[in-house]
Amino acid sequence: MTVKGSRRRTPGGFRRGVRRNLTAYGFLCGALICFAFFSWYPMVREILLSFQQTNFVDDPTWVGLDNFRTVIEDSAFVDAWLNTAAFTGLALVFGYVVPFVAAIVLNELRHAKAYLRFVVYLPVMLPPAVGVLLFKWFYDPGAGLFNQILDLAHIPALSWLDSADTALISLVIVSTWMNLGTGTLIYLAALQSIPGELYEAAELDGAGLFKRVWHVTIPQTKLILLVMLLLQIVATMQVFIEPYLLTGGGPENATLTVAYLMYQYAFNFGDFGAGGALGLMLMVVLMVFSAFYLRISRDNQS
Amino acid sequence: MKPRNLSMLLAAGIVLTAAGCGSDSGSAKPADTKPGTAAADAPVTITVGCQPPKSNPLERTAWDEDVAAFQKLHPNITIESKDAFPCINPDTFQAKLAGGTMEDVFYVYFTDIQKIVAAGQAADISPYVSGVTKLGDLRPDVMSVFKSGEKTYGLPRTNYSTGLVYNRKLFTQAGLDPDTPPKTWAEVQAAAKKIAGLGPGYVGFGEYSAGNTGGWHFTASLYGRGGEMVGPDGKTAAFNSPEGKAVLENLKQMRWTDNSMGAKQLLQWEDLMRMMGGGKLGMMIGAPDVVQSVNNDFKGKFDDYGVAALPEAKASLSGGDGYMFNPKATPEQIKAGLLWLEFHELTPDQGQFNYERNKSQGRPVGLPTPDLYGDAAPGKQIVETRKKFATVPVEHFAPYAEASTTIQNKIEPPRAQELYAILDVAMSAVLTRQDADIDKLLADAEAKANKVLAKSS
């Protein structure tokens, strides 16, 4: 976003530069106003809210760190963070590897490429609530699709969402499936930017698929892999819709995540201050990962 | 990419703060009232929530007719109806308050009233309620839901206590007599076993265990057995008791020994009603409004269901809904709102109790709810007209109706939602884990609940 004219420090030069880019600034304004309203203002309000007690009728009162104390003393607090960390970790294992492999496979295909790309991307077009509720039916311990398949293979039925041992991983599977298309498409774009000569050279040297992936694909897409890793962490740590719609945080708090606990505080317990405090904590953690991300993308640009 | 990243970063905060937006302008009010005008018939406009939505044309027409009739009686009052479906959504309640768009007379569930009162989000209407002529006839236990100390904060629209909803068709199929529903938990257990025995997919008894509904139904069962959620001082949990243990043990037995509760658990509010409507669920804890909902929204048929008293009931958790007042409403608006509520919600043969009209519109008449007056004169009159214009098989609900006159209604505990969230853990444990240790679950829940209750001071 460097404006050419602004490099000259003279006021006249600056003004000329602005004038020349007036249309661009005009377009930018709309976006900036939207972000100010819908992203930045709520963020500032949330930070304020986490130090206040409010009923939205009277003026809020400042309570210092009371809200933070409330959530930290809650026995569900540790559960929520551990579950969120476990979800994020598992989502990385699945959600990171599966789309990458899918992209490599798609990239290697010679026929029906466009069609299969469309098929992989299709689930992204489902509204998230529909996708999640579809899985609720798949997971049904009685007549659900997954247990029917297990039955065909003579494997005993699983409890999926109905057991504290498998509930979290079941949510990870839903999440992976819903985000598969986007991840695959991004990886595919990265793969296609790799010069074909590299593969040709590798093939001439007698490299098979695995060696080509290891020695060409991964080194060439290292940066995008790193960026996706950070984006994935930031996105999955905010997991809410899956536990909200599928498990209500259960069984026995096994799928209670930080975002879900935040929702509980704000909307079920009516304690917006405590919800805000929890939100702020999550935001700080996410900021660390975002800082890494910004750093990497800046290094890349320069 | 930069702003996108930022927006992702902030998404967590947005959930919360969207509601917070504009709280500073919360004082903005519709400028159509003239506060301070003392004349009794000065023009006043009130906004009232829970007008039936356009998708429900019969009820909406009835409401609009009632508004017109009321305004004819009180030409100085203008009612601006606000529709919504559902009438209240906890997610938007705070946002409406913060944004200054909360109705002057707003709709609430019993479950939320004490929370709203404690947060100072409703007006104290005590100085004005004496004008409501039927106030003295309303059931004291129902009115207590709207009270805090000596102060009154609202009026009821419907009231019901919890009973046992059952599928008569399945009872017959399983060789049970639908006219003699279970009276004890042992009988519930036996009946559930028979119904589950009908084949795969049949569930004898269904129960909630997620999204705070598990804790809510634990409370209903506990009250039924004569137990208490909190001690008399309201500061300590009292559910770690023989009654609390009995609730969980009974469920554990039905789930794991009898296999009569189905494999699918973590059920929430709608799930059981969907199962009831689907015709494969035998019994659940609920009130006649469940049957209404199953009939209207979940493809069940009125004739197939019955409601009995909660087994062995010593007391019953009461539910329902009503109206409270915006804390920023003027005295004139509050007085006008009370006149409307009395007209539409509290007068026999009028408004919601206009059973003759309901019947002519083809709406179901005859369910033994709402029950606002008990045995008081208006209550008798309501029951009489309801019987006269009944369109549903009233005998299916007779056991419930008979019991509700003798069983004590009990309101929800303080910090209800927090306690329910805590007890969801115990309920989900018993229903998803065969080796669940009930003593430990109750002791853990008690320790957590005590922490929450200690903060209530």
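Relevant structure appears above.
Residues numbered from 1 in each chain as written. Chains lettered and ligands numbered in written order. Predicted model: local features only at pLDDT ≥ 70, side-chain atom pairs only at ≥ 80, totals over all residues. Heavy atoms only, no water.

I would appreciate a short explanation of the overall build of chain A in the present structure.
When you go through chain A residue by residue, the secondary structure sums to 14 helices and two strands. The C-alpha atoms of chain A give a radius of gyration of 24 Å, which is well past the 19 Å a tight globule of 302 residues would have. Considering only C-alpha atoms, chain A reaches an extent of 70 × 70 × 30 Å along its principal axes. Here chain A holds 302 residues, and the buried ones make up 46% of them. Sequence separation of at least 24 residues holds for 65% of the intrachain contacts in chain A that already meet a minimum separation of 6. For chain A, the accessible area works out to roughly 16000 Å², and carbon and sulfur atoms hold 67% of it. Averaging the positions of the 19 positive and the 20 negative side-chain charges in chain A gives two centres separated by 26 Å. (Helix = DSSP H or I, 4+ residues; strand = E, 2+ residues; numbered from the N terminus. Rg over C-alpha atoms; globule rule 2.2 N^0.38 Å. Buried < 20%, exposed > 50% of the residue type's maximum accessible area, 1.4 Å probe, protein only. Contact = heavy atoms within 4.5 Å. Areas by Shrake-Rupley, 256 points an atom, 1.4 Å probe, with all protein chains shown as cover. Lys, Arg positive; Asp, Glu negative; His and termini not counted. Charge placed at Lys NZ, Arg CZ, Asp CG, Glu CD.)

Just to check I follow, could you spell out the overall build of chain B for this structure?
Each helix and strand in chain B was counted, giving 17 helices and twelve strands. Relative to the compact-globule value of 23 Å for 457 residues, chain B shows a C-alpha radius of gyration of 23 Å, a close match. Expressed along its principal axes, the backbone C-alpha trace of chain B runs to roughly 70 × 65 × 50 Å. Pairs at least 24 apart in sequence give 76% of the contacts found in chain B among residues at least 6 apart. Taken together, the 47 basic and 52 acidic charged side chains of chain B have centroids lying 4 Å from each other.

Before we go on, may I ask you to explain helix H4 (residues 110-118) of chain B in this structure?
Since the α-helix turns once every 3.6 residues, residues separated by three or four places project in the same direction. All names here are of chain B. Buried residues of H4: Phe-110, Asp-112, Ile-113, Ile-116 and Val-117, and no others. Seen from one end, H4 has its buried residues packed into an arc of 140°, which puts them on one side. Looking one or two residues beyond H4, the residue adopting positive phi is Gly-120, at roughly 70°. (Arc of directions from axis to C-beta.)

Which parts of the structure should I look at to understand the state of the cysteines?
By definition, a disulfide links two cysteine residues through a covalent bond between their sulfur atoms. All names here are of chain A. Using the criterion set out here, one finds one disulfide over all chains in the structure. Cys-29 takes part in no disulfide bond, and the closest cysteine sulfur, belonging to Cys-34, lies 11 Å away. Cys-29 sits in the partly exposed class, given a relative accessible area of 42%. (Disulfide = S-S within 2.5 Å.)

I'm lost on the nonpolar core in this one. Help?
Side chains of nonpolar character tend, in soluble globular proteins, to be buried together. Residue and element names in this part refer to chain B. Residues Met-324 and Trp-340 are the most contacted members of the largest nonpolar core, which totals 60 residues. Counting residues per element, this core draws most heavily on helix H12 (residues 331-345), which supplies six residues. Setting aside anything within four residues of it in sequence, one finds Met-324 in contact with Asp-104, Val-105, Phe-106, Val-108, Ile-113, Ile-116, Val-117, Ala-122, Phe-146, Tyr-153 and Gly-154. Core analysis: the next-biggest nonpolar cluster, separate from the first, contains 46 residues, Phe-171, Leu-176, Ile-285 and Leu-423 among them. (Core = buried A, V, L, I, M, F, W, Y, C linked by side-chain atoms within 4.5 Å.)

Help me understand the packing of helix H16 (residues 416-432) of chain B against helix H17 (residues 438-454) of chain B in this model?
The description of two helices packed together rests on the angle between their axes and the distance between the axes. All names here are of chain B. Between H16 and H17, the shortest axis-to-axis distance is 9 Å and the interhelical angle comes to 170°. Put simply, H16 runs roughly antiparallel to H17. Across from Glu-418, Leu-419, Ile-422, Leu-423, Ala-426, Ala-429 and Val-430 in H16, the residues of H17 making contact are Ile-438, Leu-441, Ala-445, Lys-448, Ala-449, Val-452 and Leu-453. For the contact of H16 with H17, the class distribution of residues is twelve nonpolar, no polar and two charged. (Axes fitted to C-alpha atoms, helices over the stretch in contact; angles between N-to-C directions. Parallel < 35°, antiparallel > 145°, perpendicular 65-115°, else oblique. Nonpolar A, V, L, I, M, F, W, Y, C, P; charged D, E, K, R; others polar.)

In this structure, what is going on with the pattern of salt bridges? I would like to understand it.
Should the charged atoms of two oppositely charged side chains come close, the side chains can pair. One pass over the structure, following the stated rule, counts 23 salt bridges over all chains. Across the salt bridge formed by A:Glu252 and B:Arg433, the nearest N and O atoms sit 2.7 Å from each other. Taken together, the positions of A:Glu252 in the loop between helix H12 (241-247) and helix H13 (258-268) and B:Arg433 in the loop between H16 and H17 put the pair across two chains. Classification of B:Arg433 by relative accessible area gives partly exposed; the value is 29%. In this structure, the salt-bridge partner of B:Glu270 is B:Arg274, at a minimum N-O distance of 2.8 Å. With B:Glu270 and B:Arg274 both in helix H10 (residues 269-278) and four residues apart, this pair spans about one turn of that helix. Here B:Arg274 falls in the partly exposed class, since its relative accessible area comes to 44%. Each of the salt bridges in this network shares a partner with another, and the network as a whole consists of A:Lys136, B:Glu270, B:Asp271 and B:Arg274. (Salt bridge = Lys/Arg side-chain N within 4 Å of Asp/Glu carboxyl O.)

How do you make sense of unusual backbone geometry when you look at a structure like this?
Leaving glycine out, the prevailing phi sign among residues is negative, and the prevailing peptide bond configuration is trans. For the bond running from A:Gly250 to A:Pro251, omega is -10°, close enough to zero to count as cis. Within the secondary structure, A:Pro251 is located in the loop between H12 and H13. Here the amide bond leading from B:Thr369 into B:Pro370 is cis, since omega sits at -5°, within 30 degrees of zero. Its location among the elements puts B:Pro370 in the loop between helix H13 (355-360) and helix H14 (377-388). For B:Asn212, which is not glycine, the phi dihedral falls at a positive 75°. Along the chain, B:Asn212 falls in the loop between strand S8 (203-206) and helix H8 (213-224). We note that B:Arg415 has phi near 50°; this positive angle belongs to a residue other than glycine. You can see B:Arg415 is positioned in the loop between strand S12 (408-410) and H16. Among the residues examined, B:Arg415 registers a relative accessible area of 28% and is labelled partly exposed.

It is not clear to me how the environment of A:Ile33 should be interpreted in this structure. Could you clarify?
Along the chain, the position of A:Ile33 falls in helix H2 (residues 22-49). In this structure, the C-alpha to C-alpha distance between A:Ile33 and A:Ala291, residues 258 residues apart in sequence, is 24 Å.

Any functional reading would require information beyond the geometric quantities listed.
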